[in-house]
Amino acid sequence: MESPRHPPRKRAATSPRKRGEVRSAAEKLVLELILISTLNGVLFGMLLFLMASGLTLIFSMMGVLNFAHASFYMLGAFFGFQISRYVGFWPALVIAPLLVGVIGALVERYGLRNVHRHGHVAELLFTFGLAFVIEEVVQMIWGKAPVDYRIPALLDFTAFTVFSTNYPAYKLFMLLISIGIFIVLLAVLTRTRVGLIIQASLTHPNMVAMLGHNVPRVFMLVFGLGCALAAVAGVIAGPALVTQSNMAGLLGPILFVVVVVGGLGSLPGAFVASLLIGLIQTFAVSVNASLADLFGAIGLTLDARSPFADLWNVTVAQIAPVIPYLLLVLILALRPTGLFGTRET
Amino acid sequence: MTEAAGQVGNQIAASRPAAPAGSWIAALWRHAIWLIAALVFACLPLLFRSGTALTMMSLMGIMIIFALSYNMLLGQTGLLSFGHAVYYGLGAFFVVHAMNAIIRAKLPIPLPVMPLLGGIAGLAFAIIFGSVSTRRGGTAFAMISLGLAELVASSSLILRGFFGGEEGITTNRTRLLRVFDWNFGPQIQVYYLIAAWCLICMIAMYALTRTPFGRMCNAVRENPERIEFIGCSRTFVRFLAFCLAGFFAGVAGALAAINFEIVNASYVGLQQSGIVLLAAYIGGTGHFIGPALGAILVTYLQIMLSDVTEIWQLYFGLMFIAVVMFAPGGLAGLLMMHAPLLRARVLRLLAVPYVLLGAAASIVGVGAIVIVELTHRLVVKTTEGTVMHLFGISINAAAAGPWLIAAVLTAGGALLMRAAWPMAAHAFSDATAAVQTGERS
């Protein structure tokens, strides 16, 4: 923002009737903003949770944060783009996550499992290197520029209109898909035999092995499943956001914030933190006030010449990308287990 | 990896010459390695005279300090940081602003002391951020360091006044007070400045590892709980190590600022933090000298590989993964593994299997490189035609022949490697066993 202060709002006309109209228009605007931001925030939060759930499961299993998790999300988006060019969006929605899931399982089987004996740091660094390599490979194949990944024609219409904002049907579809997967995941984990074995393997792997289950294979499948979930998020988010080789780098750190703030290894925590961060991010982007405005409101004037002028004149919208990290530092400093975590990281 | 470090440490401690205290010849002998290092630093520009070599050696010197300071955290104290570039970058920014202020005010301060200022800036920010982040070790520390790094990196794009936005902030290193008539215009003078600071920092950091504090750091890495039982605060040891690492990172950043005369937001970025992690780990975090080796190698590859191929970062990442998977001790770990064999003069037993393994690895490497480069040509650089030059040979990427040859090379090499790996491993364990029985008898 070049101009230090926002131009003063136009004063409403003196006639009471007109002033009332203006106010109701302003109220409408605020209401519209809140409604749309809430919808978008929940949507972003659910997308985050699609990824964070896999990451949390993988962490609870192996005790290692998968740095490459966002890279699998990116792979999902690019595979979705490539496959949908040949067979259309709907088959891609199924094929791309399956492919990424298989790749994830192979990575676990032939990469992570070998590194495991060298300790957690080596595992973390392995996934760090993997993220690096995946980004380079994606850049090599699809280039650095965004690819033209379009919303399927079937969903390319306006679902509803709030005052003046048209809400696209595709966003509703994204929301439904992520909520649907969330419910299925919850049901599988808590209601089925497979889910019980997975849950038991998280806490008592030796006992589960004694009972005759192949725990390493369970780990491999969960890793693959986690990657596939991230890929689903990628396939459906790709057309709505930008499908580009830096998308993993942009989202990865936020994903870590989600799982750490929620409490490492806690699925409910990841859910709450996803929604929280989704909402905070979306609302922050739409607030256009700065510290200078705040001081201005209490009678202090700060302009471009005052010391630390940058700091006072930054708007909330501009620092929106920073807020999750501030939250992370705060949470870890005040409550190291995260919101719902039971173990100290 | 960490156990190996401990063992080597013990060996060094045990093999210390029992010279009478005060004997200056013995003292000189003990520190001979640093004299040799000083000599090497002084003579290198005489051997490599070209401008490229000089620039590269300057960058290597900076990277050595940076990687060694990083290893104070990862190798010595067991703290995995993803945001070490924060202190490097902030040191650089403070030095550039200070230099500009000194030039404006015409203060009588010479350039060679500026890195100290960078170090102090790094230290100050390490104190601030460290007080938040070092309360926990392990994954929590890694995550906080990542969060702080993102915080600073994002702020660097917002606070334009201090960080100079995307174009960065420039300075002029020649306009400070002159000493001995050196204006630090020519690269050779900057090289000697960097070399001197590199040597000072290396000695200081090595000396730190020999102090009780250095040992406490190792203890925190190995078993933080026990530290509390002997009446020490692991948090405080971590905090201190973090601050010192921040100081040396600041020195490295200041030298980089002096070398390039420009700093921008990429100095504090995650990429820079990633590079130093790569350098330290590839070099080997278990030995003091490891990160220095890694810094030299990584800087060399960064400059040379980027000339040869556009996708050098991919090779870089693959190399890193290979080190993590197959040689978690890094280069230094691999070399040190063979030190006892070298002393016992049984290294020749390993020659044949190692040559076989090396040959197999090279075949796989060549095959894989050809496949990657062919793909790159076909997919990315389609506009430049399908004929390309690789290893000095002209190849048509659209023909089947090169692909077939590459596939055969990769697969065959992989099979050879599978055969050669156990041979090398056996030869190594046999030789080690022979040395051990020899020592016992």
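What you see is a predicted model; the values in this text were computed from it and never measured.

Definitions and limits used
- Residues numbered from 1 in each chain as written.
- Chains lettered and ligands numbered in written order.
- Predicted model: local features only at pLDDT ≥ 70, side-chain atom pairs only at ≥ 80, totals over all residues.
- Helix = DSSP H or I, 4+ residues; strand = E, 2+ residues; numbered from the N terminus.
- Rg over C-alpha atoms; globule rule 2.2 N^0.38 Å.
- Buried ≥ 20, exposed ≤ 12 C-beta atoms within 10 Å, placed from the backbone.
- Contact = placed C-beta atoms within 7 Å.
- Domains from an automatic or database assignment.
- Core = buried A, V, L, I, M, F, W, Y, C linked by C-beta atoms within 7 Å.
- Axes fitted to C-alpha atoms, helices over the stretch in contact; angles between N-to-C directions.
- Parallel < 35°, antiparallel > 145°, perpendicular 65-115°, else oblique.
- Left-handed = near helix turned anticlockwise from the far one by under 90°.
- Nonpolar A, V, L, I, M, F, W, Y, C, P; charged D, E, K, R; others polar.
- Expected span 1.5 Å × (residues − 1).
- pLDDT = per-residue confidence, 0-100.

Let's talk about the overall build of chain B
Part 1: Of regular secondary structure, chain B possesses 19 helices and four strands.
Part 2: In summary, chain B has a C-alpha radius of gyration of 24 Å against a globular reference of 22 Å for 441 residues, a match within 12%.
Part 3: With the principal axes as the frame, chain B shows a C-alpha extent of 70 × 65 × 45 Å.
Part 4: Burial analysis of chain B (441 residues in total) assigns 41% to the buried set.
Part 5: For chain B, the proportion of contacts with a sequence separation of at least 24, taken over those separated by at least 6, is 79%.

Observations concerning the overall build of chain A
Part 1: Secondary structure summary: chain A contains 14 helices and two strands in total.
Part 2: Across the 345 residues of chain A, 41% fall into the buried class.
Part 3: Within chain A, counting contacts between residues at least 6 apart in sequence, those at least 24 apart form 77% of the total.

Notes on the domain arrangement of chain B
Part 1: Parsing chain B into structural domains produces domain 1 (2–337) and domain 2 (341–440).
Part 2: Between the C-alpha centres of domain 1 of chain B and domain 2 of chain B there is a distance of 32 Å.

A short note on the nonpolar core
Part 1: Ranked by size, the top nonpolar core spans 198 residues in total, and within it A:Tyr73, A:Ala231, A:Leu255, A:Val258, B:Ala67 and B:Phe248 carry the most contacts.
Part 2: With 17 residues, helix H12 (residues 234–260) of chain B is the largest single contributor of residues to this core.
Part 3: Apart from residues lying up to four places away in sequence, A:Ala231 is in contact with A:Phe72, A:Tyr73, A:Leu75, A:Gly76, A:Ala96, A:Pro97, A:Val100 and A:Gly101.

Focus on the packing of helix H3 (residues 89–115) of chain A against helix H4 (residues 120–142) of chain A
Residues and elements named next belong to chain A.
Part 1: Taken N-terminus to C-terminus, the directions of H3 and H4 make an angle of 140°; their axes are 8 Å apart at the nearest point. Viewed along their axes, H3 and H4 adopt a mutual orientation that is oblique. For H3 against H4, the interelement crossing comes out right-handed. On H4, the residues touching Val107, Gly111, Leu112 and Val115 of H3 are Ala122, Glu123, Phe126 and Leu130.
Part 2: Counted by class, the contact of H3 with H4 contains six nonpolar, one polar and one charged residues.

Overview of the packing of helix H14 (residues 290–308) of chain B against helix H16 (residues 330–337) of chain B
All names here are of chain B.
Part 1: Viewed as axis vectors pointing N to C, H14 and H16 meet at an angle of 120°, and their least axial separation amounts to 7 Å. On the basis of the axis angle, H14 is oblique to H16. Along this stretch, H14 crosses H16, giving a crossing that reads as right-handed. Facing H14, whose interface residues are Gly290, Leu293 and Gly294, H16 presents Gly330, Leu331 and Ala332.

Comments concerning helix H2 (residues 69–87) of chain A
Structural remark: α-helix, 3.6 residues per turn; residues separated by three or four positions point the same way.
Part 1: Relative to the 27 Å expected for 19 residues at 1.5 Å per residue, H2(A) spans 26 Å between its end C-alpha atoms, a close match to the ideal helical length.
Part 2: Taking burial as the measure, the 19 residues of H2(A) include 14 buried ones, the bulk of the element.

Describing the confidence of the model for chain A
Part 1: With 84% of its residues at a pLDDT of at least 70, chain A reaches an overall mean of 80.
Part 2: Within chain A, the element-level pLDDT minimum falls on helix H12 (residues 309–313) of chain A, averaging 63, and the maximum on H2(A), averaging 91.

Quick word on H12(B)
Residue and element names in this part refer to chain B.
Part 1: Taking 1.5 Å per residue as the helical rise, H12 with its 27 residues ought to reach 39 Å, and the 39 Å between its terminal C-alpha atoms agrees with that figure.
Part 2: Taken across its 27 residues, H12 has 23 buried, putting it largely inside the fold.
Part 3: Taken from the residues just after H12, Glu261 is the one with a positive phi, measuring 60°.

Regarding unusual backbone geometry
All names here are of chain B.
Part 1: A positive phi angle is found at Lys106, which is not glycine, with a value near 55°.
Part 2: Structurally, the position occupied by Lys106 is in the loop between helix H5 (85–105) and helix H6 (114–133).
Part 3: Classification of Lys106 by C-beta neighbours within 10 Å gives exposed; the count is 10.
Part 4: Although it is not a glycine, Glu261 sits at a positive phi angle of roughly 60°.

Notes on the confidence of the model for chain B
Residue and element names in this part refer to chain B.
Part 1: Mean pLDDT over chain B works out to 82, with 93% of the residues at or above the 70 mark.
Part 2: Within chain B, the element-level pLDDT minimum falls on helix H1 (residues 2–14), averaging 43, and the maximum on H12, averaging 92.
Part 3: Throughout residues 1–19 the model reports pLDDT below 50, and contacts reaching past four residues in sequence, or to other chains, amount to 19 contacts.
Part 4: For this predicted complex, the interface confidence score (ipTM) comes to 0.80, while the overall pTM stands at 0.82.

Focus: the environment of B:Leu357
All names here are of chain B.
Part 1: Position of Leu357 relative to the elements: it lies in helix H18 (residues 351–379).
Part 2: Between the C-alpha atom of Leu357 and that of Gly413, which follows or precedes it by 56 residues, the distance is 9.6 Å.
Part 3: Setting aside anything within four residues of it in sequence, one finds Leu357 in contact with Met417, Ala420, Trp421 and Ala424.

Description of the environment of B:Ser362
All names here are of chain B.
Part 1: Its place among the elements puts Ser362 in helix H18.
Part 2: When the 12 C-beta atoms within 10 Å are taken as the criterion, Ser362 is described as exposed.
Part 3: Residues Ser362 and Gly413 lie 51 residues apart in sequence; the distance between their C-alpha atoms is 7.9 Å.

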